[in-house]
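Summary of structural features
As a plain string of letters, each chain reads:
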Amino acid sequence: MSVNIPGLVSVIIFYVVILATGIWASRKSKREEKKCTGNKSEVTMVGGRNLNVCVSIFTMTATWVGGGFILGTAEIVYLPSQGLAWSVGLVGYSLSLIVGGIFFTKPVRGKNYITIMDPFQLKYGNKLTSILFIPALLADIFWVACVLAALGGTMSVILDISSYYSVIISAGVAILYTLLGGLYSVAYTDVIQLIFMLFSLWLCVPFTLLSPASTDIAYTAVNELYQSPWIGKIEPTELGRWLDDVLLVTLGGICYQAFYQRILAVASTTQAQVTCYVGSIFCFVLGIPSVIIGAVAASTDWNQTSYGLPTPYEREQAGMILPITLQHLCPSYISIAGIGAIAAAVMSSIDSALLSSASLFARNIYKNILRKKASENEIMWVVKFSVLLFGSIGMSLAMTTNSVFVFWLLSGDMMYTVVCAQVLCVLFVPKSNGYGACVGFVLGLTLRCLAGEPIMNIAPVIHFPGCRLVDGVYVQYFPFKTVSMLISFFSIVIVSHLASFLFNKGLLKEKWDIFNVKEKSSITLKDVALNELTEESILHNCQHSPIICKECSA
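The rules behind these values
Residues numbered from 1 in each chain as written. Predicted model: local features only at pLDDT ≥ 70, side-chain atom pairs only at ≥ 80, totals over all residues. Heavy atoms only, no water. Salt bridge = Lys/Arg side-chain N within 4 Å of Asp/Glu carboxyl O. Buried < 20%, exposed > 50% of the residue type's maximum accessible area, 1.4 Å probe, protein only. Helix = DSSP H or I, 4+ residues; strand = E, 2+ residues; numbered from the N terminus. Contact = heavy atoms within 4.5 Å. 1 Å grid on protein atoms, 1.4 Å probe; cavity = no way out; pocket = protein on both sides within 12 Å on 5 of 7 lines; lining within 4 Å. Points joined across faces, edges and corners; volume = space filled by probe spheres on them. Nonpolar A, V, L, I, M, F, W, Y, C, P; charged D, E, K, R; others polar. Axes fitted to C-alpha atoms, helices over the stretch in contact; angles between N-to-C directions. Parallel < 35°, antiparallel > 145°, perpendicular 65-115°, else oblique. Left-handed = near helix turned anticlockwise from the far one by under 90°. Patch = residues over 30% accessible without salt bridge, like charges linked within 9 Å, V, L, I, M, F, W, Y side chains within 5 Å. Areas by Shrake-Rupley, 256 points an atom, 1.4 Å probe, with all protein chains shown as cover. Phe/Tyr/Trp six-rings, centres within 6.5 Å; stacked < 30°, edge-to-face > 60°. Lys NZ or Arg CZ within 6 Å of the ring centre and 35° of its normal.

Our focus in this paragraph is the pattern of salt bridges. Across all of its chains, the model carries 6 salt bridges by this definition. Across the pair K233 and E235 runs a salt bridge whose closest N-O atoms are separated by 3.4 Å. For E235, a relative accessible area of 32% translates into the label partly exposed. Residue R448 pairs with D413 through a salt bridge whose shortest N-O separation is 2.5 Å. You can see R448 sitting in helix α17 (residues 434–450) and its partner D413 sitting in helix α16 (residues 404–428), a full 35 residues away along the chain.

Quick look at the environment of Q422 now. Along the chain, Q422 turns up in helix α16. For Q422, a relative accessible area of 1% gives the class buried. Sequence spacing of Q422 and V108 is 314 residues, and the spatial spacing of their C-alpha atoms is 14 Å. Apart from the residues within four sequence positions on either side, Q422 is in contact with F120, Y124, L132, A437, G440, F441 and I492.

Inspection of the entire model under this criterion finds 2 cavities of 30 Å³ or more. Residue lining of the largest cavity: 18 residues in total, with Y93, W143, G253, Y256 and W408 positioned closest to the centre. Elements that contribute at least two residues to the lining of the largest cavity include exactly α3 (53–64), α4 (67–78), α7 (126–158), α10 (239–253) and α16. Partitioned by chemical class, the residues of the lining of the largest cavity number 11 nonpolar, 7 polar and no charged. As a volume, the second largest cavity reaches approximately 90 Å³. If you go around the second largest cavity, you meet 13 residues; those closest to its centre are T44, L179, L180, G182 and K384. When contributions to the lining of the second largest cavity are tallied by element, the ones reaching two or more residues are α1 (5–35), α8 (163–209) and α15 (376–398). Residue contributions to the lining of the second largest cavity peak at 5 residues, all from α8. Taken together, the residues of the lining of the second largest cavity break down into 5 nonpolar, 5 polar and 3 charged.

The subject of this paragraph is the packing of α17 against helix α18 (residues 480–504). It is at 7 Å that the axes of α17 and α18 come closest, and there the two elements cross at 155°. What the angle tells us is that α17 and α18 run roughly antiparallel. Considering only the axes of α17 and α18, their crossing is right-handed. Within the contact between the two elements, α17 uses Y435, G436, A437, V439, G440, F441, L443, G444, L447 and R448 and α18 uses F480, K481, S484, I487, S488, S491, I492, V495, S496, A499 and F503. Taken together, the residues that form the contact of α17 with α18 break down as 12 nonpolar, 7 polar and 2 charged.

This part covers a nonpolar patch on the surface. Together, V91, L95, I98, I102, F103, Y277, F284 and F428 make up a nonpolar patch on the protein surface, roughly 680 Å² of accessible area in all. Where the nonpolar patch is concerned, the elements lending two or more residues are α5 (88–110) and α12 (269–298). Its location among the elements puts I102 in helix α5. Judged by its relative accessible area of 44%, I102 is partly exposed.

Once that is clear, we can look at the packing of aromatic side chains. A ring pair, where both rings are aromatic, is described by two values, the distance of the centres and the angle of the planes. Counting across every chain of the model gives 20 aromatic pairs. Taken together, F14, Y15 and F196 form an aromatic cluster joined through their ring pairs. Of note, R315 hangs over the ring of Y307, and the distance from its end group to the ring centre comes to 4.0 Å.

Glancing now at unusual backbone geometry. Residue P310 follows L309 across a cis peptide bond; omega there is 0°. By the element assignment, P310 lies in the loop between α12 and α13 (321–329). The backbone of D471 shows a phi angle near 55°, a positive value even though the residue is not glycine. Along the polypeptide, D471 turns up in the loop between β1 (468–470) and β2 (473–475). The phi torsion at N516 lies on the positive side, around 55°, for a residue other than glycine.

Turning to its location among the elements, A337 is positioned in helix α14 (residues 332–370). Given the relative accessible area of 13%, A337 is considered buried. C-alpha of A337 to C-alpha of F385: the two residues are 48 residues apart in sequence and 34 Å apart in space. Contacts of A337, omitting those with residues within four sequence positions, involve F196, S200 and L203.

Spelled out as structure tokens, the structure:
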């Protein structure tokens, strides 16, 4: 096969449009920085807190609907062993935004935070925050690798070019416009990308449905023809595993900085909630084409197509079933539109992950720990350097494997089993402290590692109830991820209360109290409150405190 020249030209044009939009948005960002009376880095990180609500809805949706979501949904529906019943992302991603809008928007916006690590830094201090930052950073990098791997595999199928080139070019374009304009460039390019996704994915649907090689998907949903019915089913013994996946997608998603970056970028709590609720609807709508395409693939006689036999499942190419279906069941110009939709989905997720990880590092690690007197210009340069560094790492990881699911698993699992309990406690458990956070972190990480992972050929050390051997690999059918998260959560609560009791009753020496949980005398308490208020004024740019820090008064 030769390179698909029309397709390649179309993709190049798309990238030029996206880059031009990013450059235009960067100029808007520069204007906002000039008007900004506070910290200019806030314009880069949270858009100066005046992002248009419509733009916010688009960028929230585009961030959630990435290449992993689009390709993964089609793959799960197509797989004979799973089907639609196991496509938890379709509902889970929408539920994630609804839960975030109802429960998490007000607590975060009420304190005017800039990143999700701000409450950790205020409550637990710098040392523990620097440790909790690591899984959040790794999750974002794995997210970047996941969507880049998805794009590389897709372009290699439809355009017949090496996945390396597509990964490098896509990462380079996303890094460039994120460097130039921060959140403004990310948000406004997301608008273009989401419109392109919505149009292109739905354009492909009727052509796949009308292919002569495919049978009516309504029939194959409940009847076995070329493979098991694509509707799928959940056996009673698999219910725990299914519930685990639903909760992972729903609760794991609201732990990412990319989510908070958007709800903090608009002007009010109401606008933030509207962003979440409308975004959840768009997420569901954009997942439907992937479901239909996966169903069509399960209803296709591949011997009647140019793909031939054996089937994609038998060739172990189920992960690329969406581009394969577009390539062999649609006209070439339609398959090109499909690759454009996937490229748009990938770009919209890459830039968000890069900016969120760079914001966490620049603010919570560099500014608040390494260089407390760093100027605003210095912070903005650190953000740019971080975008370049983390983007390069994610791009390198994407070239090591074609498995989209492995990186998605590493990212989502880490946020759910390790970080989720920490976020819940720091926002909703007033008496949680550093001692509980440390124990919860270690327990959550240890339990998850000891449970093993069949996808990565890691054998379990702990065999939870229902664990059994399937095709030579142990599979956990017990909801062990949720159990790990809950054990982490309750250990934080219990250990926090226990530590507070022991220090306040004098059962442990005060000099051992490294997290300062011992209640002070009235005179000392006043001094501590003054110090904490001053730290909070620094963290929130002196907007919520009558005390002015030395930097600002100077």
